[in-house]
Amino acid sequence: MGPGVTRSLTAAERAALSGGLWDALMAAGAFPRLVSAASPLARLSHLWRGHTPVLTLGDRIFWGRAPNDCSRSPAAMALLQHELQHVLDYATGRMSWLSYALRPRDWTYVVPDSGWDWNRLGAEQRAVLAERLWRAERAGAAPEIARLRAVLPWARTAS
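Here the structure is a predicted model, which means the values were calculated and not measured.

### A few points about the packing of helix α4 (residues 74-91) against helix α6 (residues 123-139)
Piece 1. Viewed as axis vectors pointing N to C, α4 and α6 meet at an angle of 140 degrees, and their least axial separation amounts to 8 Å. The orientation of α4 with respect to α6, classified from their angle, is oblique. Crossing hand, α4 versus α6: right-handed. On α6, the residues that touch Pro74, Met77, Ala78, Gln81, His82, Gln85, His86 and Asp89 of α4 are Ala123, Glu124, Arg126, Ala127, Val128, Ala130, Glu131, Leu133, Trp134 and Arg135.
Piece 2. The class makeup of the residues in the contact of α4 with α6 is nine nonpolar, four polar and five charged.

### So, the sheet that holds strand β3 (residues 55-57)
The strands making up a sheet associate through hydrogen bonds between their backbones, and the pairing can be parallel or antiparallel.
Piece 1. The four strands lie next to each other as β1-β2-β4-β3, forming an open sheet whose pairing is mixed. At either end of the open sheet lies a strand with only one pairing partner, and these are β1 (6-8) and β3. Taking each pair of neighbouring strands and ignoring which way they run, the sheet shows an average axis angle of 25 degrees.
Piece 2. Here strand β2 (residues 33-35) pairs with strand β4 (residues 60-62) via three bridges, running parallel. Bridge pairing in β4 links Arg33 to Arg60.
Piece 3. Lying over the sheet, α4 contacts β2, β3 and β4, oriented at roughly 25 degrees with respect to β3.

### Considering the nonpolar core
Inside soluble globular proteins, nonpolar side chains tend to come together where they are buried.
Piece 1. Core analysis: the largest hydrophobic core is formed by 35 residues, its most contacted members being Trp63, Leu80, Leu84, Leu129, Leu152 and Trp154.
Piece 2. Elements with a contribution of two residues or more to this core: α2 (21-27), α4, α6 and α7 (142-149).
Piece 3. Examining the composition of this core, we find that seven residues originate from one element, α4, more than from any other.
Piece 4. Not counting residues within four places of it along the chain, the set of residues in contact with Leu129 comprises Val111, Trp116, Trp118, Leu121, Leu148, Val151 and Leu152.
Piece 5. Ranked by size, the runner-up nonpolar core spans seven residues in total, among them Leu55, Phe62, Tyr90 and Met95.

### Concerning a nonpolar patch on the surface
Piece 1. On the surface, Trp97, Leu98 and Leu102 cluster together into a nonpolar patch covering about 360 Å² of accessible area.
Piece 2. Within the secondary structure layout, Leu98 lies in helix α5 (residues 97-102).

### Brief notes about α6
Piece 1. With 17 residues, α6 extends 25 Å from end C-alpha to end C-alpha; this agrees with the ideal 24 Å at 1.5 Å per step.
Piece 2. Burial within α6 is extensive, with 13 of its 17 residues counted as buried.

### What to know about the environment of Pro53
Piece 1. In this structure, Pro53 sits in the loop between α3 (40-49) and β3.
Piece 2. The class of Pro53 is partly exposed, set by a relative accessible area of 22%.
Piece 3. Taking the C-alpha atoms as reference points, Pro53 and Trp63, 10 residues apart in sequence, are found 7.6 Å from one another.

### Brief notes about the packing of aromatic side chains
Piece 1. Under the definition given, this model contains zero aromatic pairs.
Piece 2. Across the ring face of Trp22, the terminal group of Arg14 is positioned such that the distance to the ring centre comes to 5.5 Å.
Piece 3. Over the ring of Trp116 we find Arg147; its NZ or CZ atom is 4.0 Å from the centre of that ring.

How each quantity is defined
The residue numbers shown here count from 1 along each chain, following its written sequence. Per-residue local features of the predicted model are confined to residues with pLDDT of at least 70, and side-chain atom pairs are confined, for both listing and counting, to 80 or more; whole-chain, interface and lining totals are unaffected and use all residues. Working from all heavy atoms in the structure, the side-chain values ignore hydrogens and water. As a rule, the C-alpha atoms of each element are fitted with a line to give its axis, helices using only the stretch in contact, and angles between N-to-C directions run from 0 to 180 degrees. Runs of H or I in DSSP of at least four residues are treated as helices and runs of E of at least two as strands, each being numbered from the N terminus. Put simply, angles under 35 degrees are roughly parallel, angles over 145 are roughly antiparallel, angles from 65 to 115 are roughly perpendicular, and the rest are oblique. Two helices that cross are described as forming a left-handed crossing if the nearer one is turned anticlockwise from the farther one by less than a right angle, and a right-handed crossing if clockwise. In what follows, residue pairs with any heavy atoms lying within 4.5 Å of each other are defined as contacts. Under the scheme applied here, ten amino acids are nonpolar (Ala, Val, Leu, Ile, Met, Phe, Trp, Tyr, Cys and Pro), four are charged (Asp, Glu, Lys and Arg), and all others, including Gly, are polar. Any two strands with at least two DSSP bridges between them are considered paired. Here, the term nonpolar core denotes a set of buried Ala, Val, Leu, Ile, Met, Phe, Trp, Tyr and Cys residues that are joined through side-chain atoms within 4.5 Å. Each residue is placed in one exposure class: buried if its accessible area under a 1.4 Å probe, protein chains only, is under 20% of its type's maximum, exposed if it is over 50%, and partly exposed if it falls in between. Nonpolar side chains (Val, Leu, Ile, Met, Phe, Trp, Tyr) are joined into patches within 5 Å and like charges within 9 Å, using only residues with over 30% relative accessible area and no salt bridge. We get accessible surface area from the Shrake-Rupley algorithm with a probe of 1.4 Å; when it comes to residues, only the shown protein chains can shield them. Salt bridges, as used here, are contacts in which a Lys or Arg side-chain nitrogen is within 4 Å of a carboxyl oxygen on Asp or Glu. Helices are assigned an expected span. That span is 1.5 Å times one less than the residue count. Stacked, tilted and edge-to-face are the three classes applied to pairs of Phe, Tyr and Trp rings, where Trp contributes its six-membered ring and a pair requires centres within 6.5 Å; stacked means planes under 30 degrees apart, edge-to-face means over 60, and tilted covers the rest. Definition used: whenever NZ (Lys) or CZ (Arg) falls within 6 Å of the ring centre and also within 35 degrees of the ring normal, the charge is taken to sit over that ring.

Here you go:
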């Protein structure tokens, strides 16, 4: 994608997502788009942390070097699934840019080993679990898949 280009997900990307995620996004009225540019907030992070992260605002995923098709790269697909969990959180009202900024618990990527309560996890922890499900499915890690599907609401009925 060229700089500043905005696109919808490809059919291959949608097909590569974990079962249930795309349906949950559509049910919530979310229409995710990839923007091949850094968001202004991500630029602030660059000043603070020294790198420009992929950042989701509403249904837009600001990804400076977004691939033309994430389905061709396992790392890109795992990151896309992570960011789509944020899109879903925005669409369902579970998160806004202001709530994220004001709740440091949402900034934590570390997920406890057990005792996952979806309603008590922060935004990044929820997205990490969505990403872990995608990776576990590709690795064929049946026990981890079952454990994650039991927690992720949109994945509970997926096969």
